[in-house]
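If you want the building blocks of each chain, they are given just below.
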Amino acid sequence: MQAKIGIDPALLGKVAYELSRILADEFVLYTKTRNAHWNIEGPDFYSVHKFFEDQYEILDDTMDDIAERIRAIGHYAPATLKEFLSLTKLTEESRSKNDSNGFIKELLADHETVIIHLRENINRFANEFQDAGTSDFITGLMTTHEKMAWMLRAHLK
């Protein structure tokens, strides 16, 4: 059943596609954070292991919120690894050393990529797609990522 929420169905399709790309980025970032949590080594193992757990739990909630936003506007959320990898801007990286600085730098760079993408699209959702709700929604996502990036950055001082 089509969502009749005052936005042209063609525009809702574009919103759903862009949200799907954001969801894919979140999923890849979630997976990389889980990888860091599982594979961290070094003298700071326990504290960083717990820190990464806090971060992936936030990302897990974020992914659910994005998928539910896609459903709320009448579309289906992508839900396969193949779809996520075709939609994401992030890359999967393999590490030769599993130390905290390496993981943190990599995750920080990904959060900053997500922040920039979200910031670039806030006005696009509101103006081009006439969807103030999604514009507000991704503004909230951006502030969540800004806080997560700050916490990662603080570990590098």
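Up top you'll find the structure we're talking about.
Report follows, based on the coordinates. Since the model is a prediction, treat every value here as computed from it, not as a measurement.

**Regarding the overall build of the protein**
- Each helix and strand in the protein was counted, giving 5 helices and 0 strands.
- Ordered by position from the N terminus, the helices and strands of the protein form the series α-α-α-α-α.
- Its C-alpha atoms give the protein principal-axis dimensions of roughly 55 × 30 × 20 Å.
- Across the 157 residues in the protein, those meeting the buried criterion constitute 44%.
- Here the analysis covers contacts within the protein between residues at least 6 apart in sequence; of these, 78% occur between residues at least 24 apart.
- Element-wise, carbon and sulfur atoms account for 51% of the exposed surface of the protein, whose accessible area totals about 8600 Å².
- Within the protein, one finds 18 positive and 26 negative side-chain charges whose respective centroids are separated by 3 Å.

**A word on a negative patch on the surface**
- Taken together, the side chains of D54, E57, D60, D61, D64, D65 and E68 make up a negatively charged region of the molecular surface.
- Along the polypeptide, E68 turns up in helix 2 (residues 45-72).
- E68 sits in the partly exposed class, given a relative accessible area of 46%.

**Quick notes on the packing of helix 4 (residues 100-128) against helix 5 (residues 132-155)**
- Here helix 4 crosses helix 5 at 160°, and the two axes come no closer than 8 Å. The orientation of helix 4 with respect to helix 5, classified from their angle, is roughly antiparallel. Crossing hand, helix 4 versus helix 5: left-handed.
- Here the residues of the contact of helix 4 with helix 5 sort into 16 nonpolar, 8 polar and 4 charged.

**Side note on the layout of surface pockets**
- In this structure, the largest pocket encloses a volume near 190 Å³.
- What lines the largest pocket is F27, V28, T31, K32, N35, L81, F84, L85, E92, E93, F103 and E106.
- Secondary structure elements with two or more residues in the lining of the largest pocket: helix 1 (9-39), helix 3 (81-87) and helix 4.
- When residues of the lining of the largest pocket are assigned to their parent elements, the largest contribution, 5 residues, is made by helix 1.

**Digging into the packing of aromatic side chains**
- Taken as a whole and judged by the stated rule, the model has 6 aromatic pairs.
- Centre to centre, the rings of F27 and F84 are 4.4 Å apart; their planes meet at 20°, and the pair counts as stacked. A residue pair is termed long-range when its members are at least 10 positions apart, and F27 in helix 1 and F84 in helix 3 qualify at 57 residues.
- Assessed through its relative accessible area of 7%, F84 is described here as buried.
- Ring geometry for F125 and F129: centres 5.6 Å apart, planes at 65°, overall edge-to-face.
- Here R34 stacks its cationic end above the ring of Y56, 3.8 Å away from the centre of that ring.

Rules and cut-offs
- Residues numbered from 1 in each chain as written.
- Predicted model: local features only at pLDDT ≥ 70, side-chain atom pairs only at ≥ 80, totals over all residues.
- Heavy atoms only, no water.
- Helix = DSSP H or I, 4+ residues; strand = E, 2+ residues; numbered from the N terminus.
- Buried < 20%, exposed > 50% of the residue type's maximum accessible area, 1.4 Å probe, protein only.
- Contact = heavy atoms within 4.5 Å.
- Areas by Shrake-Rupley, 256 points an atom, 1.4 Å probe, with all protein chains shown as cover.
- Lys, Arg positive; Asp, Glu negative; His and termini not counted.
- Charge placed at Lys NZ, Arg CZ, Asp CG, Glu CD.
- Patch = residues over 30% accessible without salt bridge, like charges linked within 9 Å, V, L, I, M, F, W, Y side chains within 5 Å.
- Salt bridge = Lys/Arg side-chain N within 4 Å of Asp/Glu carboxyl O.
- Axes fitted to C-alpha atoms, helices over the stretch in contact; angles between N-to-C directions.
- Parallel < 35°, antiparallel > 145°, perpendicular 65-115°, else oblique.
- Left-handed = near helix turned anticlockwise from the far one by under 90°.
- Nonpolar A, V, L, I, M, F, W, Y, C, P; charged D, E, K, R; others polar.
- 1 Å grid on protein atoms, 1.4 Å probe; cavity = no way out; pocket = protein on both sides within 12 Å on 5 of 7 lines; lining within 4 Å.
- Points joined across faces, edges and corners; volume = space filled by probe spheres on them.
- Phe/Tyr/Trp six-rings, centres within 6.5 Å; stacked < 30°, edge-to-face > 60°.
- Lys NZ or Arg CZ within 6 Å of the ring centre and 35° of its normal.

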